[in-house]
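# Reading the structure
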Amino acid sequence: MATTGRRSISVTSPEICSENLQRSKKNTCSLTDVMSEQLARQLDEESNAFPALTEPGATLLFPDESPDTTSDLMLAQILQMQFDREFDDQLRREEKKFNGDSKVSISFENYRMVHPYEDSDSSEDEVDWQDTRHDPYRAEKPQATPRKGFTGKGKNITTKHDEVTCGRKNTARMDNFAPEVHVGDGLGMDLKLSNQVFNSLKQHCSSEQRRSARLHEKKEHSTAEQAVDPRTRLLMYKMVNAGVLENINGCISTGKESVVFHADGGSLEEQPIPDEVVLKVFKTTLNEFKNRDRYIKDDYRFIDRFSKLNPRKIIRLWAEKEMHNLTRMKRAEIPCPEVVLLKKHILVMSFIGKDHVPAPKLKDAMLGSEVIKNAYYQVLHMMQQLYQECNLVHADLSEYNMLWHEGKVWLIDVSQSVEPTHPHGLEFLFRDCRNVSTFFQKRGVSEAMSVYDLFNAVTGLNIPVGAENEAEFIAEIVALEKRNEGHVQRRGKKTFQVVSEDAGPPLKPDADD
């Protein structure tokens, strides 16, 4: 040993070092052996503190017989898989409990943790509680009646008409109702519905389904106040895109049968379009047209097509009929709107008014005594022209369907107008004469004729007035209509005076899109 100052250095020979290293190898062990012995001792002590598990379903932690537990990662993965399987089993039970016996079920498959692994042999796969026979919360299912029609013997015979059996069957059949009908689950209750109650519920559910379908159809296909259905809106957009209309400004009038919109005219190759036009959109609901068949079904111009069309296409026939009537009136130079275009149930006509302001109705126009007298003679002349030159009866003439514009009376709304040969044409004309006479007499026009004189002045039939009994006068009109109807059927001619007929046949109906 050598010492230098305060520091010392120990020098050992190589032989001594190798000997010490061999001695240390004999007295030491690996860390893995130490950890395994400690873990085994700890597990042994814990197992002695609890009784042994004898049930076969108790050992569920490891699917293999001798798993490798030397790695902490492997232990964590096995425990996590076991936890995931227990979660999936609970989720499966909740799914069965939620769906029950419903034919429409909801799946919780996306919430499962172990999708590819299915342990069918696992003892954890328990039978769902709703599938057990002795479920205390579930009513007994009705027993099916055998083919012979009864069960039991003697006094204990039970047929398929048994009240209890039928009641339980009716309760079970409620599950077949529509999904939107909430019938409840009936857990813990042995419900029995009589046939009368079940039939009433079934009928109510069916009627509610039909009503819901009707409401949905009405919402999709109907034309409401100041609004149009999607199909009509699409037709209006097409007119704007095609350049027929510059733009549609808004609704100016609504009625029982139609909605009228104001629009700015565009251009057409065949004919010029006025600067201001109106779109008369016939409502696609059939409520207002169901009681108005007599205006069109007996019209010889449309009688062949009326019987072949479905109710919705009949509405297009009304628009076409008004177009033909306006064409006749325009040919006779009667003041009325000019037809521009007909597309399905939309009729485009010239606008009676100026600068987006519609002309007032005759009932709203503030006219002096001389002007109202002039208006009366205009109406009288137009009724004669309509009957004798156009071979038409307005059938709904009143102060509501006459406009006052530029010092003249204009006739509108002629979709219901018929010919005098119509089985009720003269009756409609008598009603028009009553409306006109009553209005002008109330306005103080002394020259206004009575309804009987006005009828004779328009038709030229000279039916005797007699004691001016309206019932007798109408009886004469009805008798004349019947004689005329029989004469037309036999010879195809008219018995009372008419001057002209419509020259052209009706247009063909528009093809469906």
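Residues numbered from 1 in each chain as written. Predicted model: local features only at pLDDT ≥ 70, side-chain atom pairs only at ≥ 80, totals over all residues. Heavy atoms only, no water.

An unreviewed UniProt entry lists the chain under the name Serine/threonine-protein kinase RIO3, from Echeneis naucrates. Under Sequence similarities (unreviewed entry), UniProt gives the following word-for-word description of the chain: "Belongs to the protein kinase superfamily. RIO-type Ser/Thr kinase family." The Subunit (unreviewed entry) field of the UniProt record for the chain holds the comment "Interacts with CASP10. Interacts with IRF3; RIOK3 probably mediates the interaction of TBK1 with IRF3. Associated with 40S pre-ribosomal particles." (UniProt positions renumbered as here; feature names shortened; annotations may be inferred.)

### Considering the packing of helix α9 (residues 369–388) against helix α10 (residues 425–442)
The geometry of a pair of packed helices is captured by two quantities: the angle between their axes and the separation between those axes. At a minimum axis separation of 11 Å, α9 and α10 run at an interaxial angle of 175°. Looking at the two axes, α9 sits roughly antiparallel to α10. Residues Ile372, Ala375, Tyr376, Val379, Met383 and Tyr387 of α9 form the contact with α10, whose participating residues are Leu426, Leu429, Cys433, Val436 and Phe440. When grouped by side-chain class, the residues that make up the contact of α9 with α10 number 11 nonpolar, no polar and no charged. (Axes fitted to C-alpha atoms, helices over the stretch in contact; angles between N-to-C directions. Helix = DSSP H or I, 4+ residues; strand = E, 2+ residues; numbered from the N terminus. Parallel < 35°, antiparallel > 145°, perpendicular 65-115°, else oblique. Contact = heavy atoms within 4.5 Å. Nonpolar A, V, L, I, M, F, W, Y, C, P; charged D, E, K, R; others polar.)

### A closer look at the sheet that holds strand β9 (residues 346–350)
The strand order across the open sheet built from 5 strands is β5-β6-β7-β9-β8, with neighbouring strands paired in antiparallel fashion. Edge positions in the open sheet fall to β5 (245–254) and β8 (339–343), since each of these has one partner strand only. Across the sheet, the mean angle from the axis of one strand to that of its neighbour is 25°, orientation sign disregarded. Sheet analysis places β8 next to β9, joined by 4 bridges and oriented antiparallel. (Pairing = 2+ DSSP bridges.)

### Here we look at the side chain of lysine 321
Mapped onto the fold, lysine 321 is located in helix α8 (residues 311–331). Accessibility expressed as a relative area gives 0% for lysine 321, which makes it buried. Here the side chain of lysine 321 touches serine 417 through a polar contact of 3.2 Å, landing on its backbone oxygen. (Buried < 20%, exposed > 50% of the residue type's maximum accessible area, 1.4 Å probe, protein only. Polar contact = N/O pair within 3.5 Å; in protein donor to acceptor, adjacent residues only side chain to side chain.)

### Some remarks on the packing of aromatic side chains
This model, assessed by the stated rule, comprises 9 aromatic pairs. Pairing phenylalanine 98 with phenylalanine 108 gives two aromatic rings, centres 6.2 Å apart and planes at 45°, and the pair type is tilted. Highlighted residues: phenylalanine 98 in helix α3 (residues 72–99) and phenylalanine 108 in the loop between α3 and β3 (150–151), separated in sequence by 10 residues. With centroids separated by 5.0 Å and ring planes inclined at 65°, the aromatic side chains of tyrosine 452 and phenylalanine 473 adopt a geometry described as edge-to-face. (Phe/Tyr/Trp six-rings, centres within 6.5 Å; stacked < 30°, edge-to-face > 60°.)

### Overview of the packing of α9 against helix α11 (residues 451–459)
Two numbers describe how α9 lies on α11: the axes approach to 8 Å, and their chain directions differ by 50°. The angle between α9 and α11 places the two elements in the oblique class. Residues Tyr376, Leu380, Met383, Gln384, Tyr387 and Gln388 of α9 pack against Leu454, Ala457, Val458 and Thr459 of α11.

### Thoughts on the nonpolar core
If you look at the biggest cluster of nonpolar residues, it comprises 59 residues, and the most contacted ones within it are Met329, Phe440 and Phe455. Per-element accounting of this core gives the leading share, 9 residues, to α9. Shared between two domains, this core holds at least three residues of each, these being domain 1 (228–358) and domain 2 (359–494). Leave out the neighbours within four places in its chain, and phenylalanine 455 touches Leu426, Leu429, Phe430, Cys433, Gly460, Leu461, Ile463, Phe473 and Ile477. (Core = buried A, V, L, I, M, F, W, Y, C linked by side-chain atoms within 4.5 Å. Domains from an automatic or database assignment.)

### Focus on α9
Here α9 is 20 residues long and its end C-alpha atoms lie 29 Å apart, about the 28 Å a rise of 1.5 Å per residue gives. All buried positions along α9 are accounted for by Ile372, Ala375, Tyr376, Gln378, Val379, Leu380, Met382, Met383, Gln385, Leu386 and Tyr387. (Expected span 1.5 Å × (residues − 1).)

### Looking at unusual backbone geometry
The backbone of aspartate 355 sits at a positive phi, close to 55°, despite the residue not being glycine. In the Ramachandran plot, aspartate 413 falls in the positive-phi region, its phi being about 60° despite a non-glycine side chain. Its place among the elements puts aspartate 413 in the loop between β13 (408–411) and α10. Relative accessible area serves as the criterion here: at 18%, aspartate 413 is assigned to the buried category.

### A word on the pattern of salt bridges
Evaluation of the coordinates by the stated rule reveals 8 salt bridges. Lysine 280 is the salt-bridge partner of glutamate 322, the closest N and O atoms lying 2.9 Å from each other. Here glutamate 322 is found in helix α8, whereas its partner lysine 280 is found in strand β7 (residues 276–282), with 42 residues between them in sequence. Exposure class is identical for glutamate 322 and lysine 280. Each is buried. The shortest N-O distance in the salt bridge between lysine 363 and aspartate 364 comes to 2.8 Å. According to the relative accessible area criterion, aspartate 364 is partly exposed, its value standing at 41%. Taken together, the salt bridges that share partners define one network made up of Lys280, Glu322 and Asp413. (Salt bridge = Lys/Arg side-chain N within 4 Å of Asp/Glu carboxyl O.)

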